Amino acid sequence: MNKDITQGNFKQLKGKIKQQWGKLTDDEIDQLDGKRDQLVGKVQEKYGIARDQAARDVDNWLHNTASTY
């Protein structure tokens, strides 16, 4: 399963990423370029949580957000 976010969806999700993880800057979000692993790393770094917890948080958020599109 491809866990990257398609470009079209990523553009739509940028604002939602900012709402969910407000510590991420606009520049950091732009640099993610739809890469799930990069989002996990940034969430881990900014929030000081373990990588596996960050991955679960991102995956849960993506799952819940994807159901609205």
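Residues numbered from 1 in each chain as written. Predicted model: local features only at pLDDT ≥ 70, side-chain atom pairs only at ≥ 80, totals over all residues. Heavy atoms only, no water.

Colleague: Requested: an account of the packing of aromatic side chains, with residues and values cited.
Modeller: Counted according to the given criterion, the structure contains one aromatic pair. Where tryptophan 21 meets tryptophan 61, the ring centres are 5.1 Å apart and the plane angle is 65°; that geometry is what we call edge-to-face. You can see tryptophan 21 sitting in the loop between helix 1 (7–20) and helix 2 (26–32) and its partner tryptophan 61 sitting in helix 4 (residues 51–66), a full 40 residues away along the chain. Side by side, tryptophan 21 and tryptophan 61 carry an identical accessibility label, which is buried. (Phe/Tyr/Trp six-rings, centres within 6.5 Å; stacked < 30°, edge-to-face > 60°. Helix = DSSP H or I, 4+ residues; strand = E, 2+ residues; numbered from the N terminus. Buried < 20%, exposed > 50% of the residue type's maximum accessible area, 1.4 Å probe, protein only.)

Colleague: Give me the lowdown on the pattern of salt bridges, citing residues and values where you can.
Modeller: On inspection of all chains with the given rule, the structure shows seven salt bridges. Arginine 36 serves as the salt-bridge partner of aspartate 37, at 2.7 Å between the closest nitrogen and oxygen. The salt bridge partner of arginine 56 is aspartate 52, with a shortest N-O separation of 3.6 Å. Of this pair, arginine 56 and aspartate 52 both sit in helix 4, separated by four residues, roughly a single helical turn. A relative accessible area of 42% means that arginine 56 is categorised as partly exposed. Salt bridges sharing partners connect three or more residues here, namely Glu28, Lys42, Glu45 and Lys46. (Salt bridge = Lys/Arg side-chain N within 4 Å of Asp/Glu carboxyl O.)

Colleague: Can you explain the packing of helix 3 (residues 36–47) against helix 4? Please cite residues and give values.
Modeller: Axis separation between helix 3 and helix 4 bottoms out at 8 Å; the angle between their running directions is 125°. In this view, helix 3 runs oblique relative to helix 4, as classed from their interaxial angle. Two packed elements cross with a definite hand, and for helix 3 against helix 4 that hand is right-handed. Touching Arg36, Asp37, Leu39, Val40, Gly41, Val43 and Gln44 of helix 3 are Arg51, Ala54, Ala55, Val58, Asp59 and Leu62, all from helix 4. Taken together, the residues of the contact of helix 3 with helix 4 sort by class into seven nonpolar, two polar and four charged. (Axes fitted to C-alpha atoms, helices over the stretch in contact; angles between N-to-C directions. Parallel < 35°, antiparallel > 145°, perpendicular 65-115°, else oblique. Left-handed = near helix turned anticlockwise from the far one by under 90°. Contact = heavy atoms within 4.5 Å. Nonpolar A, V, L, I, M, F, W, Y, C, P; charged D, E, K, R; others polar.)

Colleague: Provide a residue-level description of helix 3, including the pertinent values.
Modeller: The end-to-end C-alpha separation of helix 3 is 16 Å, in line with the 16 Å expected for twelve residues at 1.5 Å each. Within helix 3, burial applies to Arg36, Leu39, Val40, Gly41 and Val43. Glycine 48, located one to two residues past helix 3, shows a positive phi value of around 60°. (Expected span 1.5 Å × (residues − 1).)

Colleague: I'd like a description of the nonpolar core, backed by residues and values.
Modeller: Soluble, globular proteins show a tendency: their nonpolar side chains are buried together. By size, the foremost hydrophobic cluster in this structure holds 16 residues, and its most contacted members are Ile17, Trp21, Leu39 and Val58. Put simply, the parts of the chain that give this core at least two residues each are helix 1, helix 2, helix 3 and helix 4. It is helix 4 that contributes the most residues to this core, five residues altogether. With near-sequence residues (within four places) excluded, valine 58 lies in contact with Trp21, Arg36, Leu39, Val40 and Val43. (Core = buried A, V, L, I, M, F, W, Y, C linked by side-chain atoms within 4.5 Å.)

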